[in-house]
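# Topology and contacts: notes
What follows is the residue order along each chain.
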Amino acid sequence: MIPWVEKYRPKKLREVTGQFEAQRKILDFFRNFSKQRKKAILIHGPSGSGKTSIIYALASEFKHEIIELNASNFRNKRQIQEVIGRALEQKSLFSRGKIMLIDEIDGITGTRDRGGLKEILRLIEKTTYPIILTANDAWQSKLRPLRSKTQFIELKTIKEENLIALLQIISQKEKLKISHDALKTISVLSQGDARAAITDLQVLSSLCKRITKQDVVDLGIREKDENIFNALRLIFKSKSGTLGGFDNVQNINSDDLFLWLDENLPIEYKGFELAKAYDALSKADVFRGRIRRQRHWRFLVYIMALLTEGISSAKKQARRDFTSYKPPSRILKIWLAKQKQAKRKEIAKRLAEITHTSKKQAYKELPFLEIAFKGEIPLDFANL
């Protein structure tokens, strides 16, 4: 199944939802590029506001080639030079123009990225093609050098009415039976994130023949306190910035987090990425063991770092596809085992009362009773 966020990605600028002012500025920069003093723009705004979609719509509308680099994956000078530097030196295929897109520039760090940001600044100085950078938070101190070299263009959170209109169009194209109240509820719960809203609509379409407001509420999507599925989506889909991914998850202890991650890692990762992710999970388990043995609770910060950033960084690049996660089957098995154990203990307790022995001794006798009663031991011995 094609993710709807990809299926309905805007092909033209006028199809981008709720960002008219930003579109006007971007289009002005693009059309007057040769006259611009600053040869790059930095588009910043919240997740799902359309940063990347605007650029792809622009490239599609003007038939330009787009060269994309994700700053979270290509960090150092050599990697950036190989992708962007070479692209700047070469002519575009079929004499088309080019757009250089550096996505998630806030994924670069100043300490371990070995000249990555300096190389981007150097390329901005020499470029003959538009360079466009995107970021969720453009005001981080590490991005200060970019402020004098780029134009800042902010995208606002998408308004509720714009988001409802977008969801209505998709619903009509998909021939969904959905109430206006349900569309409004999805919009409100997504908090202006178009990508989240479209994903939620697709999930609901697979679960309900007719989607109502109550269906959206019952599903519990995008609650203020994030549920475990949202946290998993953040960690498994993002490349960085996931350190606090489990902070808002309610009613789940750290031991359960191990089970959730263990169950869903093979669904999301494959091959070398899966091996790296499990390596992070196993190292977190080592620290968990040290806490239990030595009571050194300072190791908890290492556990959470490995369970979030450690696992998210195992992938080669961030992902936007939809994946259906599932609860850990081991929790169900543990619960069933506890239920069976509780039943045996209750039988042993009643047997001890009738036979005037200890519960421990009665528990030891249960295998013989299982043979006598052919596997099903009655709870009520008094009526035998």
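Structure report, in brief. (Residues numbered from 1 in each chain as written. Predicted model: local features only at pLDDT ≥ 70, side-chain atom pairs only at ≥ 80, totals over all residues. Heavy atoms only, no water.)

### A few points about the side chain of His44
Along the chain, the position of His44 falls in strand S1 (residues 40-44). Looking at His44, the relative accessible area reads 7%, which means it is buried. Among all residues touching His44, those that are not within four sequence positions of it are Lys51, Ala135, Ala138, Trp139, Phe152, Ile153, Glu154 and Leu155. (Helix = DSSP H or I, 4+ residues; strand = E, 2+ residues; numbered from the N terminus. Buried < 20%, exposed > 50% of the residue type's maximum accessible area, 1.4 Å probe, protein only. Contact = heavy atoms within 4.5 Å.)

### Re helix H2 (residues 20-31)
When the terminal C-alpha atoms of H2 are compared, their 16 Å separation across 12 residues agrees well with the 16 Å that a helix rising 1.5 Å per residue should span. Ala22, Gln23, Ile26, Leu27, Phe29 and Phe30 are the residues of H2 that are buried. Projected down its long axis, H2 carries its buried residues within an arc of 160°, all on one side. Away from its buried face by more than 90 degrees, H2 exposes Phe20 and Arg31. (Expected span 1.5 Å × (residues − 1). Arc of directions from axis to C-beta.)

### Structural notes on the nonpolar core
Of all hydrophobic cores here, the largest spans 27 residues; its most connected members are Phe236, Phe246, Leu261, Leu265, Tyr269, Leu307 and Ile311. Breaking this core down by element, the ones donating at least two residues are helix H10 (228-237), helix H11 (254-268), helix H12 (271-294) and helix H13 (300-312). At 7 residues, the largest contribution of residues to this core is made by H12. In contact with Phe246, other than residues within four places in its own chain, are Ile228, Ala231, Ile235, Leu257, Leu261, Met304, Leu307 and Thr308. (Core = buried A, V, L, I, M, F, W, Y, C linked by side-chain atoms within 4.5 Å.)

### Digging into the packing of H12 against H13
Put simply, H12 and H13 touch, their axes get as near as 9 Å, and they point 170° apart. Accordingly, the angle class assigned to the pair H12 and H13 is roughly antiparallel. For the pair H12 and H13, contact is made by Ala277, Ala280, Leu281, Lys283, Ala284, Phe287, Arg288 and Ile291 and by Leu300, Tyr302, Ile303, Leu306, Leu307, Gly310 and Ile311, respectively. Taken together, the residues of the contact of H12 with H13 break down into 12 nonpolar, 1 polar and 2 charged. (Axes fitted to C-alpha atoms, helices over the stretch in contact; angles between N-to-C directions. Parallel < 35°, antiparallel > 145°, perpendicular 65-115°, else oblique. Nonpolar A, V, L, I, M, F, W, Y, C, P; charged D, E, K, R; others polar.)

### Section: the packing of aromatic side chains
This model, assessed by the stated rule, comprises 8 aromatic pairs. Judged by centre distance (5.1 Å) and plane angle (55°), the ring pair of Phe30 and Phe62 falls under tilted. Residue Phe30 is located in helix H2, and its partner Phe62 is located in the loop between helix H3 (51-61) and strand S2 (65-70); the two are separated by 32 residues in the primary sequence. Judged by its relative accessible area of 12%, Phe30 is buried. By way of ring pairs, the aromatic residues Phe236, Tyr269 and Tyr325 are connected into one cluster. Across from the ring centre of Phe287, 5.3 Å away, lies the NZ or CZ of Arg290, which sits over that ring. (Phe/Tyr/Trp six-rings, centres within 6.5 Å; stacked < 30°, edge-to-face > 60°. Lys NZ or Arg CZ within 6 Å of the ring centre and 35° of its normal.)

### A few points about helix H6 (residues 160-173)
Compared with the 20 Å implied by 1.5 Å per residue over 14 residues, the 20 Å span of H6 between its first and last C-alpha is a close match. All of the buried residues in H6 are Leu163, Ile164, Leu166, Leu167, Ile170 and Ser171. Within H6, the buried residues cover an arc of 160° as seen down the axis, which keeps them to one side. More than 90 degrees from the buried face of H6, the exposed residues found are Glu161, Gln172 and Lys173. Contacts from the buried residues of H6 go to helix H1 (4-7), strand S6 (177-178), helix H7 (180-190) and helix H8 (194-207). Lys175 sits one or two positions beyond H6 and adopts a positive phi of about 55°.

### Comments concerning unusual backbone geometry
With a phi angle near 55°, Lys63 is a residue other than glycine that sits in the positive phi range. Counting through the fold element by element, Lys63 comes out in the loop between H3 and S2. Note on Lys63: relative accessible area 55%, which makes it exposed. Positive phi, normally seen in glycine, also occurs at His356, with a value near 60°. Here His356 lies in the loop between helix H14 (329-355) and helix H15 (359-372).

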